[in-house]
Amino acid sequence: MDIKYIPTICPYCGVGCGMNLVVKDKKVVGVEPWKRHPVNEGKLCPKGNFCYEIIHREDRLTTPLIKENGEFREATWDEAYDLIASKLSEYDPNEIGFFCCARSPNENIYVNQKFARIAVGTHNIDHCARLCHGPTVAGLAASFGSGAMTNSYDSFEEADLIFSIGSNSLEAHPLVGRRLMRAKMKGAYFIVADPRYTPTAKQADQYVPFKTGTDVALMNAMMNVIISEGLEDKEFIEKRTKNYEKLKKVVSKYTPEMAEEITQVPADVIRDIARKYAKADKAAIVYSLGITEHSHGVDNVIQTANLAMLTGNIGRLGTGVNPLRGQNNVQGTCDMGALPTDYPGYQKVADQEVMEDITCTWGCSDLGCTPGLKIPEMIDAAAKGDLKVLYITGEDPVISDPDTNLVEKALNNLDFFVVQDIFMTDTAEFADVVLPAACWAEQEGTFTNGERRVQLIRKAVDAPGEAKYDWEIFCDLAKRMGADPEMFTYESAQDIFEEIRSVTPQYAGMNRERLERPEGLHWPCPSEDHPGTPMMHVEKFSHPDGLGIFMPLEEQGPMETPDEEYPLILTTTRILFHYHAAMTRRSATLEREVPTGYVEINTEDAAELGITNKEKVKVRSRRGEIEIEARVTDDILKGIVNIPMHFRECSANVLTNAAAIDPKSGMPEYKACAVAISKMEGSN
Ligand code: SF4
C-alpha cells in the first residue's frame, strides 16, 4: 500500500504542534504523531487530531466566483483577475483595504503586504492580531523593545512558580497547557487568576477569581506589596531598568485593600500571591486574550512586564512574560509586516529612513510614511462610505469581529469586495468576487509559532480544482495591474523566503537547510552562524540603550459598565473543540462534540432571573440580541456571563462592542460589555 507520512505543522493555534499528514491515493486520510517534535512530542489536541477532515470536503472552493444579480457564477481566473485589477486601479489607494490571513504561511503574507504596498499603494493592511495580541506587540515592545514571547515553551518546566492570568491554556492552547501541567508535576506552584473557574483554573494550586477588566489594579496591588515588603529585585532594577521611581510612586496608592474594592480579590489573597510570586527564584507569567482583549489591553500587557522586571523574572529559564498567541501563524503575520504601521521585521512605516531602505531593496518608488488603517478603522470607514474596496484573505469578520451588525453594514456598503479563502465563509457571502485558495496541507512554506519558532510546512496533496497559492494570486494580479514583473516573480515559496530573509532582520540567518531540522529556529536569528534565540533579554533588553522601561499605569476599567438596563458583564471565549468557525465547524468530529453555543451564567444570577439550566434565553446588548441556551454554573463569578465566539446562529459578536477600543493598539473590548438576559417570551 502506498502510504506517505508528510511532516508539517498544525493549522489551528499558535502553539505550533508538529504532525504527520497520512497520504494515501493522493488524499490526506489521517494524522499521525510526530513523536520527536520539540513542541508537542507527538501529542495533539482534538483540533489537531481531526484537522485533516476538512481538506477534501466537497464544499472547498475550486473555481473563482463572480457575483451577478445577487448570485455567484463560476468564472475563469482571467475574468476574475481582470475585474479585480480594474477595480483596484479605479480607486484612490486610501479607499482600499486588506485583511491578511494569519492561518497562511509567511511567504503568502509577505507577498500580500508587498502587493498592497507596491501594486495598490496603500498601508491599509492588517490582520487578526489586531483582535487578539495587538496589545502584546505594542505593550512588550514598549517595555522590553520587542513585542513577543520572551521564553520558549520548554522553559515553563524550569519554573518554580507559574502565574497564569487571563489564559485558559488547557482549552485554548492545550499543548502548552500540557507543559504547564508537567511543570506543576515537577513542583512549580501554579496560580491561575481568571473570572471563570476554567478547566485550567481547576488544575491550579491557587485559583484567584477576579472581576473582569480589573487586571491593572490587581497587578498594581501585587507590586505595592512587593515594594512595601522589600521583595523587589534591587540589583536587577538598578542594572537593567529605568523609570522605577515613577512606578513606585503610582503603585504606592494601590494598597491591597483599595484593590479589593476594585477587583473583588480579598486583600490577604493579593498579599499572598504577591509574596509567592516575588519569593520564587524562577517565576513565569503566562497570559492570553483575558489580558489583551480590553480597551486597556496594552496597559494590562505592560503590567505583566512591570511585574516581571520588578522581581528580576526575565532573561532566565523558568521566568519571563509569555503571551500565548492565537492563530497558527499570527506571530509570523506580524513579523511579515501585515500591519498598517510596520514593514517586515517591525520596521516602522512612519520612519523615512526605513522607507528609503525598503524601497531600495524592493526596487520600488516612494511608499509614503503615513501609516494605514487598522481593522476596526477600516470597518468604520467602510460603514461610513470612506473605504470603498476591501480585499480579505482567510479572515471571517462576520464571525470574529465585534458588533456583527456594524460589520455587515460595512460590507454591504463597499463598492467592491474580494474574498480569497478555502470555503464559502459567512463573510464571503457578501463578496463580489470569491477566489479559491490552497490550504496549508497543499503548500510549502513556513509558520512562526507563539514562541518565535519558525517551522517548515510541507505539501502533502494538490489543491482542489483551480485553487491557487495566495502568493501566486497576488503576483498574477500585480503583473496585471502593471507592477514591475521582477518584483512579483517567484519560482517557489523557498524563493520568497530568501527575499524575506533579506528584508526581515530577525530572519536573516535562516535558510532552508537550517529550517529542515525538527526544532526549526527561533528569531532573532541575525546570521547563518547564529543559533537562534529561544530566550530573549538575557543580558539586555531590545531597546537601543539595553534597558527595560517601567511604565506606571492607573486602573481604567472596562469602557462599558453594567447599569440598570444591562446589568451583566459579557465575556467571550474560545473552547477546546473549535477555533473560530470556518474550518473546525466543517470537521464532522469537532462539530459533533460541540454543535452550538451557550451562555454560562452564575447560579445566583440565574435564580434571580428565574432561568434554569439548558433553557433557551435571550441575551441583549446595545448592539443587538441573540437567542441561546443557558448553562447555569458556579464556575463563573456572579455578575459575569460568558459566550463562546464560534457560533453564527447565536453569535457572541452580535453583542460585543466595536466602539470600546484600546487607544494604544486598536483592540476592541471583547472581554467586557454590558448585557441583559431574559427568559424567552411565552416560557414559564
Ligand atoms: Fe494544533 Fe494548537 Fe492543538 Fe497543538 S495545541 S494540536 S497547535 S490546535
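Residues numbered from 1 in each chain as written. Predicted model: local features only at pLDDT ≥ 70, side-chain atom pairs only at ≥ 80, totals over all residues. Heavy atoms only, no water.

Enquirer: Looking at this structure, I do not really get the overall build of the protein chain. What am I missing?
Expert: Helix and strand counts for the protein chain stand at 23 helices and 30 strands. For 684 residues, the compact-globule estimate of 2.2 N^0.38 gives 26 Å, and the protein chain sits close to it at 24 Å. With the C-alpha coordinates of the protein chain rotated into their principal frame, the extents come out at 70 × 70 × 55 Å. Residue pairs at least 24 apart in sequence account for 74% of intrachain contacts in the protein chain once pairs closer than 6 positions are excluded. When the accessible area of the protein chain is evaluated, it comes to approximately 23,800 Å², of which 48% is carbon and sulfur surface. The protein chain carries 73 positive and 103 negative side-chain charges, and their two centres are separated by 5 Å. (Helix = DSSP H or I, 4+ residues; strand = E, 2+ residues; numbered from the N terminus. Rg over C-alpha atoms; globule rule 2.2 N^0.38 Å. Contact = heavy atoms within 4.5 Å. Areas by Shrake-Rupley, 256 points an atom, 1.4 Å probe, with all protein chains shown as cover. Lys, Arg positive; Asp, Glu negative; His and termini not counted. Charge placed at Lys NZ, Arg CZ, Asp CG, Glu CD.)

Enquirer: Got a minute to help me understand a negative patch on the surface in this structure?
Expert: Together, D351, E353, E356, D357 and D366 make up a region of like negative charge exposed at the surface. Following the sequence through the fold, D366 ends up in the loop between α15 (352–362) and α16 (375–384). Among the residues examined, D366 registers a relative accessible area of 60% and is labelled exposed. (Patch = residues over 30% accessible without salt bridge, like charges linked within 9 Å, V, L, I, M, F, W, Y side chains within 5 Å. Salt bridge = Lys/Arg side-chain N within 4 Å of Asp/Glu carboxyl O. Buried < 20%, exposed > 50% of the residue type's maximum accessible area, 1.4 Å probe, protein only.)

Enquirer: Explain the sheet that holds strand β20 (residues 453–457) here, please?
Expert: Pairing within the open sheet is antiparallel, and its 3 strands lie in the order β19-β20-β21. The strands lining the two open edges of the sheet, one partner per strand, are β19 (445–448) and β21 (521–522). When β19 meets β20, the two strands line up antiparallel, connected through 4 bridges. Its bridge partner lying in β20, F447 is registered against Q455. (Pairing = 2+ DSSP bridges.)

Enquirer: Explain the packing of aromatic side chains here, please?
Expert: For any two aromatic rings, the description comes down to two numbers: the centre-to-centre distance and the angle of the planes. Tallied over the entire structure, the rule returns 15 aromatic pairs. Taken together, a centroid distance of 5.2 Å and an interplanar angle of 40° make the contact between W77 and Y81 tilted. With W77 and Y81 both in helix α2 (residues 77–90) and 4 residues apart, this pair spans about one turn of that helix. Per residue, the accessibility class of W77 equals that of Y81, and both read buried. (Phe/Tyr/Trp six-rings, centres within 6.5 Å; stacked < 30°, edge-to-face > 60°.)

Enquirer: Just to check I follow, could you spell out the nonpolar core for this structure?
Expert: Soluble, globular proteins show a tendency: their nonpolar side chains are buried together. Counting 72 residues, the largest nonpolar core has F115 and Y391 as its most contacted members. Considering every element that reaches this core, the biggest residue donor is helix α3 (residues 106–120), with 8 residues. If we skip the residues at most four places from it in the chain, F115 touches L88, F98, V120, F474, L477, A478, M481 and F488. Counting 49 residues, the second-largest nonpolar core is a separate cluster that includes W34, V39, M149 and C439. (Core = buried A, V, L, I, M, F, W, Y, C linked by side-chain atoms within 4.5 Å.)

Enquirer: How should the environment of H173 be read in this particular structure?
Expert: Note that H173 resides in the loop between α5 (169–172) and α6 (174–185). Distance from H173 to C51, taken between C-alpha atoms, is 15 Å for residues 122 residues apart in sequence. Once residues within four sequence positions are removed from consideration, H173 is found in contact with C13, V15, N168, S288, L324, R325, G326 and R574. Of note is the side chain of H173, whose polar atom sits 3.4 Å from the backbone oxygen of L324. (Polar contact = N/O pair within 3.5 Å; in protein donor to acceptor, adjacent residues only side chain to side chain.)

Enquirer: It is not clear to me how empty space enclosed by the protein should be interpreted in this structure. Could you clarify?
Expert: Under the counting rule described, the total for this entry stands at 4 cavities of 30 Å³ or more. The space that makes up the largest cavity amounts to roughly 490 Å³. Forming the boundary of the largest cavity are 34 residues, of which L289, E293, T572, T573 and K671 lie nearest the centre. Elements represented by at least two residues in the lining of the largest cavity include exactly α12 (289–292) and β23 (568–573). Looking at side-chain class alone, the lining of the largest cavity contains 10 nonpolar, 18 polar and 6 charged residues. (1 Å grid on protein atoms, 1.4 Å probe; cavity = no way out; pocket = protein on both sides within 12 Å on 5 of 7 lines; lining within 4 Å. Points joined across faces, edges and corners; volume = space filled by probe spheres on them. Nonpolar A, V, L, I, M, F, W, Y, C, P; charged D, E, K, R; others polar.)

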